[in-house]
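# Per-entry structural report
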Amino acid sequence: MSQPGKRTLLILFLPSEWRTYHRKPYWEALARHSQVLVVEPPAGILSVWLHPKRMIDYLRRAGKLRRNQTNIYFYRPLQLASPGIDFMIPPLAWLDRFLMRLQIQSAMKQIKNEFDTALVFLVHAQQYHFSAMIPEAWQCYEITDLYALPRGQIQLDEKHPHTKRVRRREKRIISGSDVIITSSKLIYDELNGMCTGLYYLHNAADYRHFAKSAASELEISADIKYFPRPILGFFGNINNLIDYELLTKLAAAFHSGSIVLIGGEQKITRVHNDTWYQKTKTIENIHYLGFRDYDNLPAYLQAFDVCLMPFRLIDWMRYSAPNKTYQYLASGKPVVSTDFPEMHYVEKVISIGKSHAEFIELVRQALNDSSPEKRTARQQVASENSTEKWAEKVMNILSKTLNEK
């Protein structure tokens, strides 16, 4: 068995479109070490109205690979139900597993560059029916969040039907995996001793991309350039994880400045039912700019005076390690976060507020923090947690696993 490298094919099953997949930079970094086959979210025959663009894309390509980067191939399969629906209906899941296996094996044959090792990456519990689907391939499960918590819920309830279902599915994936990687120390601690091949890796960020925001020659994006200062900024999904009551208080404390949030609204989290969220939309100095392309984020980050991580202290965040931590730090700008476990691993270079009042006071202090030494320290931490170094660590783990087995 060869070590991971150019003769190894890494197969990633995407949980969302490549354009919006938040871990895309990780895989672009892995592609510098190995060939990557990205299996895009399938087009579903029985639910074509949910994702018509996927069906159009499938029909246009007719089962052929698309290659738009040196080492990355893209393939759109076809299945009966859309992802998520087959997760809820086991018979459909098993049938789709059979169909998917045939299609992925066909896609692997289309790759002209020879490989002698294939390694499947699963990245969500909903992908349980793809576990151990390709007998000749190794398997890695990357766990980044508490998938057992139902969307929109605050606290984990082990008796909840969704939670029990996810626990069963995740157990299946773990039992079929040779390597399990998580960016959550709490998840690592819970799984430690229950499975082999378990590794804890800090999350990371595309340092070279976000460090551009520290360059004076980068022009600030026009739609944020003239907002009143200070600009307290956030980018990420607009969902039920954000503490909108805290944002309301922050807007009042800095009424002459601007609170800017960049990202699309995740309606599936029922954030529109949050009364505080609705209130923030009526406040004059809170600005929702909507989704912005990943490539343009540094031009917005450059405008931030303080980077915000204003998350609610719910179970999802207790197990979460947002990669925006290192995206922010790459700019060298001050970062203020609410108090959840993963933040304590970088508490020397960010400020952690244990209450709304403390959070606001730390933002005020951060505005007076222009120390070159602190800016350098933040960027150093981001550099040490770059996607390039994350990819190197992953490849070393895979090499160690293949050599041992």
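Here, the structure is the one placed above.
Here is a short report on the structure shown in this document. (Residues numbered from 1 in each chain as written. Predicted model: local features only at pLDDT ≥ 70, side-chain atom pairs only at ≥ 80, totals over all residues. Heavy atoms only, no water.)

## Here's the deal with the overall build of the protein
Our working rule: Runs of H or I in DSSP of at least four residues are treated as helices and runs of E of at least two as strands, each being numbered from the N terminus. Note on method: radius of gyration uses C-alpha positions; expected globular size equals 2.2 Å times residues raised to 0.38. When accessible area is computed with a 1.4 Å probe and restricted to protein chains, residues below 20% of their type maximum are described as buried, those above 50% as exposed, and intermediate ones as partly exposed. By definition in these notes, contact holds between two residues if any of their heavy atoms fall within 4.5 Å. In short, Shrake-Rupley with a 1.4 Å probe defines the accessible areas, and a residue's cover is counted only from the protein chains shown.
Looking only at helices and strands, one finds 16 helices and 16 strands in the protein. Here the protein has a C-alpha radius of gyration of 22 Å; the compact-globule value for 405 residues is 22 Å, and the two agree. Taking the principal axes of the C-alpha coordinates as reference, the protein spans close to 60 × 45 × 40 Å. A total of 405 residues make up the protein; the buried ones form 57% of that total. The contacts of the protein with a sequence gap of at least 6 include a subset with a gap of at least 24, amounting to 74%. Carbon and sulfur atoms provide 53% of the accessible area of the protein, an area that totals close to 18,200 Å².

## Observations regarding the nonpolar core
Convention followed: Throughout this description, the term nonpolar core refers to a set of buried Ala, Val, Leu, Ile, Met, Phe, Trp, Tyr and Cys residues connected via side-chain atoms within 4.5 Å.
By size, the foremost hydrophobic cluster in this structure holds 58 residues, and its most contacted members are L250, I259, F304, L308, Y328 and V363. Core analysis: the second largest hydrophobic core is formed by 37 residues, L9, I11, I104 and Y319 among them.

## Section: the pairing of strand β9 (residues 179–182)
Filter applied, for reference: When DSSP finds two or more bridges between two strands, those strands count as paired. Consider the strands pointing away from the viewer: the crossover is right-handed when the path from the first strand over the helix to the second runs clockwise.
Every second residue of β9 is oriented toward a common face, with V179 and I181 on one face and I180 and T182 on the other, all of them buried. Pairing of strand β8 (residues 138–143) with β9, which is carried by 4 bridges, proceeds in the parallel orientation. Following the sheet pairing, E142 is matched in β9 by I181. Traced from β8 through helix α5 (residues 161–175) to β9, the parallel crossover comes out right-handed. For the crossover from β9 across helix α6 (residues 185–191) to strand β10 (residues 198–200), the handedness is right-handed.

## Section: the pattern of salt bridges
Charged atoms that come close allow side chains of opposite charge to pair. For clarity, the cut-off: Any carboxyl oxygen of Asp or Glu within 4 Å of a side-chain nitrogen of Lys or Arg constitutes a salt bridge here.
Counted by the stated rule, this structure contains 22 salt bridges. A salt bridge links K249 to E245, with the nearest nitrogen and oxygen atoms 3.6 Å apart. Here K249 pairs with E245, and both are found in helix α9 (residues 244–253), just 4 residues apart, close to one helical turn.

## Description of the sheet that holds strand β13 (residues 286–290)
Rule in force here: Here an angle of 0 to 180 degrees is reported between the N-to-C directions of two axes, which are lines fitted to C-alpha atoms, with helices fitted over the stretch in contact.
What the 6 strands build is an open sheet, ordered β13-β12-β11-β14-β15-β16; its pairing is parallel. With one partner strand each, in any of the chains shown, β13 and β16 (351–353) form the two edges of the open sheet. On average, each strand axis in the sheet is tilted by 25° relative to the strand beside it, whichever way the strands run. Across 3 bridges, strand β14 (residues 306–309) lies against strand β15 (residues 335–338) in parallel orientation. Within β15, the residue paired with L308 across the bridge is V336. α9 contacts β11 (231–235), β12 (258–262), β13, β14 and β15 of the sheet and is inclined by roughly 145° relative to β12.

## With respect to a nonpolar patch on the surface
Formally: In this scheme, patches are assembled from residues that exceed 30% relative accessible area and form no salt bridge. Like charges are connected within 9 Å, while nonpolar side chains (Val, Leu, Ile, Met, Phe, Trp, Tyr) are connected within 5 Å.
Residues V48, W49 and L50 make up a contiguous nonpolar surface patch of roughly 330 Å² in combined accessible area. In this structure, V48 sits in the loop between β3 (43–44) and α2 (52–61). Overall, V48 belongs to the partly exposed group, its relative accessible area being 32%.

## Quick word on α9
Note: α-helices contain 3.6 residues per turn, so residues at a spacing of three or four share the same orientation. How we decide: Within 3.5 Å is the distance limit for a polar contact, defined as a pair of N or O atoms, with the added protein rule that one can donate a hydrogen and the other accept it, and that residues adjacent in sequence qualify only through two side-chain atoms.
Listed in full, the buried residues belonging to α9 are Y244, L246, L247, T248, L250 and A251. Here α9 starts with a cap whose side-chain oxygen sits 3.2 Å from the backbone nitrogen of E245, and that cap is D243.

## Notes on the packing of aromatic side chains
Heads up, the rule is: In this scheme Phe, Tyr and Trp rings, the latter by its six-membered ring, pair at centre separations within 6.5 Å, and the angle between planes marks the pair as stacked below 30 degrees, edge-to-face above 60, and tilted otherwise.
As enumerated under the stated definition, the model contains 14 aromatic pairs in all. Aromatic side chains F235 and F304 sit 6.3 Å apart centroid to centroid with 35° between the ring planes, which places their arrangement in the tilted category. One end of the pair, F235, is in strand β11; the other, F304, is in the loop between α11 (297–301) and β14, with 69 residues separating them in the sequence. Assigned by exposure class, F235 and F304 land together as buried. Ring centres 5.7 Å apart and planes at 85° place the aromatic pair Y277 and Y288 in the edge-to-face group. Separated by 11 residues along the polypeptide, Y277 in helix α10 (residues 275–280) and Y288 in strand β13 bring together distant segments of the chain. For Y288, a relative accessible area of 25% gives the class partly exposed.

## A word on the sheet that holds strand β4 (residues 66–69)
Ordered in space as β4-β5-β2-β1-β7-β8-β9-β10, the 8 strands form an open sheet in which the pairing is mixed. Each edge of the open sheet carries a strand with a single partner, namely β4 and β10. Each adjacent strand pair in this sheet contributes to an overall mean axis angle of 25°, direction not counted. Both strand β7 (residues 117–122) and β8 contribute to a ladder of 4 bridges, which runs parallel. Pairing of F121 across the sheet is with C140, part of β8. Together, β1 (8–13), β7, β8, β9 and β10 form the strand contacts of helix α16 (residues 387–404), whose direction differs from that of β9 by roughly 160°.

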